[in-house]
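# Understanding the architecture of this molecule
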Amino acid sequence: MNSIPAPTIEYGTLAPLLVVFGAAVIGVLVEAFAPRYLRKAIHVPLTLLSLAGAFALVLVQVLRGQVSTTASAVGALAVDGPSLFIWGVILVLSFVCVLLINDEGHFVASAAAVPGSADEEEAESTGGGHTEVYPLVLFAVGGMLLFPASHDLLMMFVALEVMSLPLYLLCGLARRRRLLSQEASMKYFLLGAFSSAFFLYGTAMIYGYAGTVSLPGINQALANGAALDPLLMIGLAMLGVGLMFKIGAAPFQAWKPDVYQGAPTPITALMASGTLVAAVGAVLRLFWVGLGNLDWNWRPVIWGVAALTMIVGSILAITQTDIKRMLAYSSIAHAGFLLVGVMATFGTAAQNASSLKAILFYLAVYGITTVGAFAVVTLVRDPGGEAGHLSRWAGLGKRAPMLAGVFAFFLLAFAGIPLTSGFFGKYAVFAAALDSGTQPGDSMGGWMAALVVVGVVASAIAAFFYVRVIVLMFFSEPSADGPAIAVPSMGTVAVIGVSLLVTVGVGLYPESVLGVADDAARSLFIR
């Protein structure tokens, strides 16, 4: 009788993942067995130390040159240079988001209590709180790490669910405007369930075509099989729907403004930064590694999605009167800019590495700027919670000039103004797209130039609503009953300070991040 061989698990390579998931499991045990008054005192250092420890393990692998050249965990995970870079970005963003989460007043005392009921008042009076947010955040972060490193479709689906399920819960735990928060949670859950179903059904179709769910195996089947097989076309379309939903690309962006507005702002910051970084990494993994031999087929579709996303995000942002909804549509537009980079795949290995470098750089600088902007939003408050309506931000530059100045700088970075990190992010992506369009034999060469023109026009439109907020803050008179500026905690000060330092520093010296992104991009393995 033949014995079943034991699988080989590269524990050293997967150590950052294991640390985050291990801390999440410990957090669940803390919730089960620790007394209520001790839970937060345990959770906060456990969460921060686990994220910092995982980041340190990523650095150790990079500095020692231990970047894997083969798939890990029996071919299920690809811990290559781009994965390690994205892991590092996600862990940094998650760490600073946890500092925001640690502030008091963001989360409801009792999620089970009916809004406005006596039970809710009693829970608030007794100082109740949901410390479960910390292990939930760790599980979500673990899913974010797993998602872009997945080397087969089933692992990618598992990562998608591990990342999404905790976020569905966290979106419904806002302390203020609870009905809006619960509505956001329900919308995110229902639409997310549909997108997961599309992804899973697409996986089944691709398996029917290729006989495997391994990304290199699918790529090999495309090289040898019929490129217009109905199973392949249906599977490709459904996988695309599932992933485009996660990055908030048009026409699958409808959930983003409602969810960003209703969720607790620290969770919004985590979704707008970490989730987008992970989802774009998964898009790159699927389309570049798994479907690389079908790029002539999916590139025209992504061209249309990218153009539509940039236009929809930029134009609809102009009509918004809520600051978080405006930032949500800004996030949609930036997803379109990132898809421009995804398009830039036609060329030599060096040219593709240049495109990947641009995308990784964009993810890093956009993510940290986004967290800083939402950290500022948490400090501008009305009696009923955060001052969301734009009219409440009128004259903020005269009431709190330093805070308004920092927020204005973040908005200028979103707009891509020179001497900010956002300018070099957009420049790198657009330059990579133009370079890929000049390759001999590329039937979409002219279309790539047209897509860059759409991106530039969308950036100009987006600059309007960013500047509108700046004008409102500095050139309008503050109202007598204007919002209060909350005294920031040390954690919030650190988040805003680090975000500002990175946005300014990378704007003045982009080579500091571009060099790291370039080293990571050149180790992407396809087979």
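Below is a summary of the structure that appears in this document. Computed from a prediction, not measured in an experiment: that's the story for all the values here.

Here we take up the state of the cysteines. With the rule as written, the count across this model stands at 0 disulfides. C97 forms no disulfide, and the closest cysteine sulfur to it belongs to C171, at a distance of 13 Å. Looking at C97, the relative accessible area reads 1%, which means it is buried.

To continue, consider the layout of surface pockets. Of the voids in this model, the largest pocket is the one considered here, and its volume is about 600 Å³. What lines the largest pocket is a set of 24 residues, and nearest its centre among them are F55, F85, G88, V89 and V516. Within the residue set of the lining of the largest pocket, elements represented by two or more residues are α2 (36-63), α3 (81-101), α14 (349-377), α19 (490-508) and α20 (511-521). With 7 residues, the single largest contributor to the lining of the largest pocket is α3. Its residues assigned to classes, the lining of the largest pocket shows 19 nonpolar, 4 polar and 1 charged.

A few words on the packing of aromatic side chains. With the rule as written, the count across this model stands at 16 aromatic pairs. Aromatic pair Y168 and Y188: ring centres 5.0 Å apart, planes at 90 degrees, arrangement edge-to-face. Here Y168, found in helix α6 (residues 153-170), pairs with Y188, found in helix α7 (residues 178-210); they are 20 residues apart in sequence, far enough to count as distant. Accessibility assignment for this pair places Y168 and Y188 in one class, buried. Ring centres of F465 and Y466 lie 4.5 Å apart, and the angle between their planes is 55 degrees; this geometry places the pair in the tilted category. Relative accessible area serves as the criterion here: at 1%, Y466 is assigned to the buried category.

To continue, consider a nonpolar patch on the surface. There is a patch of nonpolar side chains on the surface, built from I9, Y11, L18 and V74 and spanning about 410 Å² of accessible area. With respect to the helices and strands, the residue L18 is situated in helix α1 (residues 15-33).

Turning our attention to the sheet that holds strand β2 (residues 385-386). The antiparallel open sheet is built from 3 strands, whose spatial order is β2-β1-β3. Whereas interior strands pair on both sides, the edge strands pair on one side only; in this sheet they are β2 and β3 (484-485). Here strand β1 (residues 380-382) runs beside β2; their pairing, made up of 2 bridges, is antiparallel. The residue of β2 that forms the bridge with R381 is E386.

Direction vectors running N to C along α7 and helix α10 (residues 255-262) enclose 145 degrees, while the axes themselves pass 8 Å from each other. Every pair of crossing elements has a handedness; the one defined by α7 and α10 is left-handed. Each of L180, S181, A184, K187, Y188 and L191 in α7 lies in contact with α10, whose residues at this interface are W255, D258, V259, Q261 and G262. A class-by-class count of the residues in the contact of α7 with α10 yields 6 nonpolar, 3 polar and 2 charged.

Right, let's get into the pattern of salt bridges. Taken as a whole, this structure holds 8 salt bridges when the rule is applied. Measuring nitrogen to oxygen at the nearest pair gives 3.2 Å for the salt bridge that ties R522 to D518. Residue R522 is classed as exposed on the basis of its relative accessible area, which comes to 53%. The exposure class assigned to D518 is buried, which follows from its relative accessible area of 18%. Look at the salt bridges and you will find they share partners, linking E183, K187, D258 and R325 into a network.

Quick notes on the rules
- Along each chain, the written sequence defines residue order, and numbers are assigned to residues from 1.
- Reporting in this predicted model follows two pLDDT cut-offs: at least 70 for local features of residues, and 80 or more for side-chain atom pairs to be given and counted; totals over whole chains, interfaces and linings ignore these cut-offs and use all residues.
- Hydrogens and water are ignored here; the side-chain numbers use all heavy atoms of the structure.
- By definition, disulfides here are pairs of cysteine sulfur atoms that lie within 2.5 Å.
- Buried residues are those whose accessible area, probed at 1.4 Å on protein chains only, stays under 20% of the maximum for their type, while exposed residues exceed 50% and partly exposed ones sit between those limits.
- Grid spacing is 1 Å over the protein atoms alone, the probe is 1.4 Å, and a cavity is where that probe fits but cannot get out, while a pocket is an open set with protein on both sides within 12 Å along at least five of seven lines and lining residues have an atom within 4 Å of a point.
- Grid points are joined across faces, edges and corners, and a volume is the space filled by probe spheres set on the points.
- The secondary structure listing takes helices from DSSP runs of H or I that are at least 4 residues long and strands from runs of E that are at least 2 residues long, numbered from the N terminus.
- Think of it as three bins: nonpolar holds Ala, Val, Leu, Ile, Met, Phe, Trp, Tyr, Cys and Pro, charged holds Asp, Glu, Lys and Arg, and polar takes everything else, Gly as well.
- Between rings of Phe, Tyr and Trp, where Trp is taken as its six-membered ring, a pair exists when centres lie within 6.5 Å; planes separated by under 30 degrees are stacked, by over 60 edge-to-face, and by other angles tilted.
- Each patch is built from residues lacking any salt bridge and having more than 30% relative accessible area; the joining distance is 9 Å for like charges and 5 Å for nonpolar side chains (Val, Leu, Ile, Met, Phe, Trp, Tyr).
- In this description, accessible areas are obtained by the Shrake-Rupley approach with a 1.4 Å probe, and a residue is regarded as covered only by the protein chains that are shown.
- Every case where a carboxyl oxygen of Asp or Glu lies within 4 Å of a side-chain nitrogen of Lys or Arg is listed as a salt bridge.
- Strand pairing is assigned whenever DSSP detects at least two bridges linking the two strands.
- The angle between two axes is taken between their N-to-C directions and runs from 0 to 180 degrees, where each axis is a line fitted to C-alpha atoms and a helix contributes only its stretch in contact.
- Here is the rule for handedness: rotate from the far helix to the near one, and if that takes an anticlockwise turn smaller than a right angle the crossing is left-handed, while a clockwise turn gives right-handed.
- Every residue pair with non-hydrogen atoms within 4.5 Å of one another is taken to be in contact.

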